[in-house]
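# Secondary and tertiary structure notes
Chain residues, written in single-letter form:
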Amino acid sequence: MEKVWTIIDLITWGKAYFEEKGVDSPRLTMEILIAHVLQKARIQLYTQFDRPLSDTELTTLRAMIKRRAAREPLQYILGETEFYGLPFAVSPAALIPRPETELLTEYVLKRVKQESVSEVSILDIGTGTGCIAISLAKHLPESSIYALDVSDSALELAKSNAERNGVQNVQFGKINILETIPKRRFSIILSNPPYISTKDMSELEPEVGDHEPRIALTDNDDGMRFYRRFAEIFPGMLEEDGWFAVEMGFGQSEKIKALFAAAGFETSFINDFAGILRICIGSRSIKANVKTL
Ligand code: GLN
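The sections below set out a description of the structure shown in this document. Here, residues in each chain are numbered from 1, in the same order as that chain's written sequence. Selection of residues for local features in this predicted model requires a pLDDT of at least 70, selection of side-chain atom pairs for listing and counting requires 80 or more, and totals for whole chains, interfaces and linings are taken over all residues. Processing note: side-chain calculations cover all non-hydrogen atoms of the structure and skip hydrogens and water entirely.

Before going further, it helps to examine the environment of Ala274. Each helix is a run of DSSP H or I of at least 4 residues and each strand a run of E of at least 2, with the numbering of both proceeding from the N terminus. Positionally, Ala274 belongs in the loop between β8 (265-271) and β9 (277-284). Each C-alpha atom, one on Ala274 and one on Glu31, is 27 Å from the other, the two residues being 243 residues apart in sequence.

Structure follows, in structure tokens:
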């Protein structure tokens, strides 16, 4: 006779199995997968530990376990994630939204509300899933948001996320920002560009390096390519009193500061949860603002 697998059996087995495969939070991962297959909240599993899974449920679960053991990110297996309290579909077409990027989003929201300017125009370069643009659109319904990406499949995903979250104030466009620029100015420009250097690409966890899109991770250079481009184009793309906020990687702040200083911008930085300088904020330096008489 086939063995009957109850929820608690599976949790115990899965915890050990994922541990052996080097998967993070093995028990939690198993609980999330079981809850997903049974279409229940994870907490509900705790009141039904002895519930056996049907053959069909086990087949579905087995396939998901296999993917996670091969170090595919949990979010791709589930097909969605949460960002700034909103649901986002995710797929290998785009980077999985990160908690650090929520910091950027939060900063922008706070500042816009604080400055109580109406009708801001916001540009998000390399929108991916659309997480930044769509969260801002949801909280700033009066603003006009423009979200650009070079990838058709990412744009498709982002558009589906805009629809899913019921936002109408985001316009999507395909552009390679390294080659062209939009023909207008914006109050705020945001980006979480690919900033991993070619050299660092080999050191990524398998979840990232083997599964997330390379184009979203690296500039195939020294990790600074997009910031060099931004320093070149932001002066002409920002309104006079406009500002920008861009995400960056560990150890990049000094170089980024210098690049933007040379382009006439004053910068400041925000730490992430690990105390790493993660977000660079910039606006025209006073000197650059002084008009010669
Ligand atoms: N803007 C998206 C995000 O922050 C995608 C960023 C990227 O692909 N580098 O998640």
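After that view, the rundown keeps rolling.
Let us look at helix α10 (residues 225-237). Every α-helix carries 3.6 residues per turn, so stepping three or four residues along brings you back to the same face. For a helix, the expected span equals 1.5 Å multiplied by the residue count minus one. The terminal C-alpha atoms of α10, which comprises 13 residues, lie 18 Å apart, in line with the 18 Å expected from a rise of 1.5 Å per residue. Each residue is assigned a bend, namely the angle between axes fitted to the seven residues that terminate at it and the seven residues that start at it. Along α10, the helix axis deviates most sharply at Ala231, where the bend reaches about 35 degrees; the proline Pro235 sits within four residues downstream. Restricting attention to buried positions, one finds in α10 the residues Phe226, Tyr227, Arg229, Phe230, Ala231, Ile233, Phe234 and Met237. A contact between two residues is defined here by any heavy atoms of the two lying within 4.5 Å. In the core, the buried residues of α10 are packed alongside β3 (121-125), β6 (186-191), β7 (238-247), α11 (253-262), β8 and β9. For every residue, the accessible area obtained with a 1.4 Å probe (protein chains only) is divided by the maximum for its type, and the residue is called buried under 20%, exposed over 50%, and partly exposed between those limits.

Next up on the list: the side chain of Arg111. Within the secondary structure, Arg111 sits in helix α5 (residues 99-115). A distance of 2.8 Å separates the side chain of Arg111 from the side chain of Tyr107, its partner in a polar contact. Once residues lying within four places of it in the same chain are set aside, the contact partners of Arg111 are Trp243 and Ile281. The definition of a polar contact used here is a pair of N or O atoms within 3.5 Å, where within protein one atom must be able to donate a hydrogen and the other to accept one, and adjacent residues in sequence count solely through side-chain atom pairs.

On to the pattern of salt bridges. Every case where a carboxyl oxygen of Asp or Glu lies within 4 Å of a side-chain nitrogen of Lys or Arg is listed as a salt bridge. Taken as a whole and judged by the stated rule, the model has 17 salt bridges. As a salt-bridge pair, Asp222 and Arg228 come within 3.0 Å of each other at their nearest N and O atoms. Relative accessible area serves as the criterion here: at 35%, Asp222 is assigned to the partly exposed category. A relative accessible area of 33% places Arg228 in the partly exposed class. The salt bridge involving Asp272 is made with Arg278; its shortest N-O contact spans 2.9 Å. Like Arg278, Asp272 is buried. Via salt bridges that share partners, Arg68, Arg71, Glu205 and Glu207 belong to a single interconnected network.

The strands that make up a sheet pair up through hydrogen bonds in the backbone, lying either parallel or antiparallel. Only when DSSP finds a minimum of two bridges between them are two strands counted as paired. Spatial ordering of the open sheet is given by β5-β4-β3-β6-β7-β9-β8, a layout of seven strands whose pairing is mixed. Each having just a single partner strand, β5 (170-174) and β8 make up the two edges of the open sheet. Across this sheet, the average inter-strand angle for adjacent strands is 20 degrees, counted without regard to direction. Bridging between β8 and β9 involves seven bridges; their strand directions are antiparallel. Pairing of Glu266 across the sheet is with Ser283, part of β9. Helix axes use the C-alpha atoms of the stretch in contact, all axes being lines fitted to C-alpha atoms, and the angles between their N-to-C directions lie in the range 0 to 180 degrees.

Here the focus is the packing of aromatic side chains. Centre distance within 6.5 Å is the pairing criterion for rings of Phe, Tyr and Trp, where only the six-membered ring of Trp is used; planes under 30 degrees apart are then read as stacked, over 60 as edge-to-face, and the remainder as tilted. Counted by the stated rule, this structure contains 15 aromatic pairs. Between the aromatic rings of Tyr17 and Phe18, the centroid separation amounts to 6.1 Å while the plane-to-plane angle is 50 degrees, which identifies the pairing as tilted. Using a relative accessible area of 23% as the deciding quantity, one classes Tyr17 as partly exposed. On the accessibility criterion, Phe18 (0% relative accessible area) is buried. A ring pair is formed by Phe230 and Phe234, whose centres lie 4.8 Å apart and whose planes are at 10 degrees; its orientation type is stacked.

Here we take up the packing of α10 against α11. Taken N-terminus to C-terminus, the directions of α10 and α11 make an angle of 20 degrees; their axes are 9 Å apart at the nearest point. As the angle between them shows, α10 and α11 are arranged roughly parallel. In this structure, the crossing between α10 and α11 has a hand that is right-handed. When α10 is examined against α11, the residues Tyr227, Arg228, Phe230, Ala231 and Phe234 are found in contact with a partner set consisting of Ile256, Leu259 and Phe260. Residue polarity is assigned by list, with Asp, Glu, Lys and Arg as charged and Ala, Val, Leu, Ile, Met, Phe, Trp, Tyr, Cys and Pro as nonpolar; anything else, Gly included, falls into the polar class. Looking at the contact of α10 with α11, its residues break down into seven nonpolar, no polar and one charged. The cut-offs work like this: below 35 degrees is roughly parallel, past 145 is roughly antiparallel, 65 to 115 is roughly perpendicular, and the gaps in between are oblique. Each crossing gets its hand from how the near helix is turned against the far one by less than a right angle, where anticlockwise is left-handed and clockwise is right-handed.

This part takes up the site of the ligand. In the region of the ligand, the neighbouring residues are Leu95, Pro97, Thr101, Gly126, Thr127, Gly128, Cys131, Ile132, Asn192, Pro193, Pro194 and Ala216. Here a nitrogen atom of the ligand and a backbone polar atom of Asn192 are 2.8 Å apart. Within the backbone of Ala216, one N or O atom sits 3.0 Å away from a nitrogen atom of the ligand. Here the accessible surface of atoms and residues is derived via Shrake-Rupley with a 1.4 Å probe, and residues count as covered only by protein chains that are part of the display. Notes on the ligand: free accessible area 290 Å², of which the protein chains cover 96%. What makes a residue near a molecule or strand is one non-hydrogen atom of that residue sitting within 4 Å of it.

Bear in mind that shape data such as this cannot, by itself, settle questions of function.
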